[in-house]
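# Architecture and fold: a report
Spelled out, the chains give:
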Amino acid sequence: MSEASDTAFERVLDPMERISETLFGLIMVLTFICTLGVATAGNIKIQTLLFGALGCNLAWGIVDGGLFLLARINDRGSKLLTLRAMRQAPDPETAQRIIAGALPPQLASVLLPEHLELMRQRLLQLPEAPRRPRLTIRDWIGALSLCMLSFFSTFPIVIPFIFLSDARLALHVSYAIAILMLFGCGYAFGHHSGLRPWAAGLSMVAFGCVLVSVAVALGG
């Protein structure tokens, strides 16, 4: 894949979105497998686990893709309202306060009034914004990417059920793979968040196990 394609993909889904979606998928499929294992009291049917786990994460991926699109509409709508309020402000000082309120607090605190005024003038020169927020092709690609990421994050966990005939052994191997993947998600999270990757990885394993335990205890 070319460098341009890699850059475009990163714009669609940032690293934390990919890590979060993989983590959600892991927790969903682990909850399903653990709940089914408890409910069947060890009489596990491999076909049931296989199709159930894949279907569970496909359904979650579709839901999460829809929520991703709603979040994009909300984000664009909020920015359009801010831009409209700035343009319709009765005086430059009010417009500058609106601009400062839309910026991160630390950034807004170091900007001088002349900086805000320059930003106001530049924003006034922009073409007229659309009246309503619209979804772009990139948004739909992002939603599809989330759905696929959730679905395919299931495969490493269900692989043991494909190649092992002993359902209980396959279940234990699946748990081990899930723990390794949880650690990998935590390690990547720590790397992108400025935390110690190994500590974040171990914490994510503990966090994921607690979430799955709570979900199973409450009925899955």
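The rules behind these values
Residues numbered from 1 in each chain as written. Predicted model: local features only at pLDDT ≥ 70, side-chain atom pairs only at ≥ 80, totals over all residues. Heavy atoms only, no water. Helix = DSSP H or I, 4+ residues; strand = E, 2+ residues; numbered from the N terminus. Buried < 20%, exposed > 50% of the residue type's maximum accessible area, 1.4 Å probe, protein only. Areas by Shrake-Rupley, 256 points an atom, 1.4 Å probe, with all protein chains shown as cover. Patch = residues over 30% accessible without salt bridge, like charges linked within 9 Å, V, L, I, M, F, W, Y side chains within 5 Å. Salt bridge = Lys/Arg side-chain N within 4 Å of Asp/Glu carboxyl O. Contact = heavy atoms within 4.5 Å. pLDDT = per-residue confidence, 0-100.

## Digging into the overall build of the chain
Looking only at helices and strands, the chain features 10 helices and zero strands. Helices and strands appear in the chain in the N-to-C order α-α-α-α-α-α-α-α-α-α. Counting across all 220 residues of the chain, residues that qualify as buried make up 33%. Of the accessible surface of the chain, which amounts to about 13300 Å², a share of 67% is contributed by carbon and sulfur atoms.

## With respect to a nonpolar patch on the surface
A contiguous nonpolar patch, built from Val 63, Leu 67, Leu 70 and Ile 73 and spanning about 340 Å² of accessible area, is present on the exposed surface. Residue position: Val 63 is located in helix α3 (residues 46-87). Judged by its relative accessible area of 44%, Val 63 is partly exposed.

## Notes on the environment of Ser 193
Assignment of secondary structure puts Ser 193 in helix α9 (residues 167-193). Residue classification places Ser 193 among the partly exposed residues on the basis of a relative accessible area of 35%. As a C-alpha pair, Ser 193 and Met 16 span 177 residues in sequence and 8.9 Å in three-dimensional space.

## Comments concerning the side chain of Thr 22
If you trace the backbone, Thr 22 turns up in helix α2 (residues 15-39). Overall, the relative accessible area of 16% leaves Thr 22 in the buried class. Contacts of Thr 22, omitting those with residues within four sequence positions, involve Leu 149, Ser 153 and Cys 185.

## Structural notes on the confidence of the model for the chain
Per-residue pLDDT for the chain averages 79, and the proportion of residues at 70 or more is 85%. For the stretch residues 1-10, pLDDT sits under 50, and the model shows five contacts to residues farther than four places along the chain or on other chains.

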